[in-house]
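# A closer look at the structure
The residues making up each chain are set out below.
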Amino acid sequence: MHRLLVLYDEPNDPAHFKKYYVETHLPLASKIPGVKAASYSFDVKPLGPGKPPYFCVFEADFESEAALMTALGSKEGQAVAGDVPNYASGGVTMVHFAVG
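Residues numbered from 1 in each chain as written. Predicted model: local features only at pLDDT ≥ 70, side-chain atom pairs only at ≥ 80, totals over all residues. Heavy atoms only, no water.

### Some remarks on the layout of surface pockets
Put simply, the test is: Cavities and pockets were defined on a 1 Å grid built from protein atoms only: a cavity is a group of points that admits a 1.4 Å probe but offers it no way out, a pocket is an open group of points flanked by protein on both sides within 12 Å along at least five of seven lines, and a lining residue is one with an atom within 4 Å of any such point. Grid points are joined across faces, edges and corners, and a volume is the space filled by probe spheres set on the points. Segments assigned H or I by DSSP are reported as helices when at least four residues long, segments assigned E as strands when at least two residues long, and all are numbered from the N terminus. Only Asp, Glu, Lys and Arg are considered charged in this grouping, and only Ala, Val, Leu, Ile, Met, Phe, Trp, Tyr, Cys and Pro are considered nonpolar; every other residue, Gly among them, is considered polar.
Roughly 270 Å³ of internal volume is contained in the largest pocket. Contributing to the lining of the largest pocket are 20 residues, with Leu4, Ile32, Leu72, Val80 and Met94 lying nearest its centre. Looking at the lining of the largest pocket, the elements that each hand over two or more residues are β1 (2-8), α1 (14-29), β3 (56-62) and α3 (75-83). Its residues assigned to classes, the lining of the largest pocket shows 17 nonpolar, 3 polar and no charged.

Here is the structure:
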């Protein structure tokens, strides 16, 4: 199994981010081929005191790294990537890794 992890920083307009993400971006992401499971949360909390380091997290599982790369290169994957600037004004970090 291989996982894509997307970490979103605090946006300039949190209400816009949430609305756009749920109503527009997630439906686009649901069309990416090869996704075995996906989840997201706005309820990000630090283990200790202080402000959460991220506003939102998303993860998606794929059969393999090759399947993830194929999905990201697909027309659906490209559409999702192109949509990110429409709501993620605070920045985004994406990483992927083998789940073992």
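### Topic: the nonpolar core
Stated formally: The set of buried Ala, Val, Leu, Ile, Met, Phe, Trp, Tyr and Cys residues whose side-chain atoms join them within 4.5 Å is what this entry labels a nonpolar core. Burial classification: accessible surface area is computed with a 1.4 Å probe over protein chains only, and a residue below 20% of its type maximum counts as buried, one above 50% as exposed, and the rest as partly exposed. Contacts between residues were defined by any pair of non-hydrogen atoms, one from each residue, lying within 4.5 Å.
Ranked by internal contacts, the top residues of the largest apolar core, which has 20 residues, are Tyr8, Phe17, Tyr21, Phe62 and Tyr87. Looking at this core, the elements that each hand over two or more residues are β1, α1, β3 and α2 (65-73). Among the elements that take part in this core, α1 stands out by supplying 5 residues, more than any other. The residues touching Tyr87, leaving out its near neighbours within four places in the chain, are Tyr8, Pro11, His16, Phe17, Tyr20, Tyr21 and His25.

### Some remarks on the pattern of salt bridges
What counts here: Any carboxyl oxygen of Asp or Glu within 4 Å of a side-chain nitrogen of Lys or Arg constitutes a salt bridge here.
Evaluation of the coordinates by the stated rule reveals 4 salt bridges. Here Asp61 and Arg3 are joined by a salt bridge, their closest N and O atoms 2.6 Å apart. Taken together, the positions of Asp61 in strand β3 and Arg3 in strand β1 put the pair 58 residues apart, joining distant regions of the chain. The partner of Glu63 in a salt bridge is Lys36, and the shortest N-O contact between them spans 3.9 Å. Of this pair, Glu63 sits in the loop between β3 and α2 while Lys36 sits in the loop between α1 and β2 (37-41), placing them 27 residues apart in sequence. The exposure class of Lys36 is exposed, given its relative accessible area of 53%.

### Quick word on the sheet that holds strand β4 (residues 92-98)
Keep this limit in mind: Following DSSP output, two strands are said to pair if at least two bridges run between them. Interaxial angle, 0 to 180 degrees, is taken between N-to-C directions of lines fitted to C-alpha atoms, where a helix line uses only the stretch in contact.
Strand order in the open sheet formed by 4 strands is β2-β3-β1-β4, and the pairing between neighbours is antiparallel. Strand pairing shows two members of the sheet lacking a second neighbour, β2 and β4, which therefore form its edges. Sheet twist, expressed as the average angle between the axes of neighbouring strands with direction ignored, equals 10°. The strands touched by α1 within the sheet are β1, β2 and β3, with β3 carrying the most contacts at an inclination of about 20°. Sitting on the sheet, α2 is in contact with β1, β3 and β4, with an inclination near 50° to β1.

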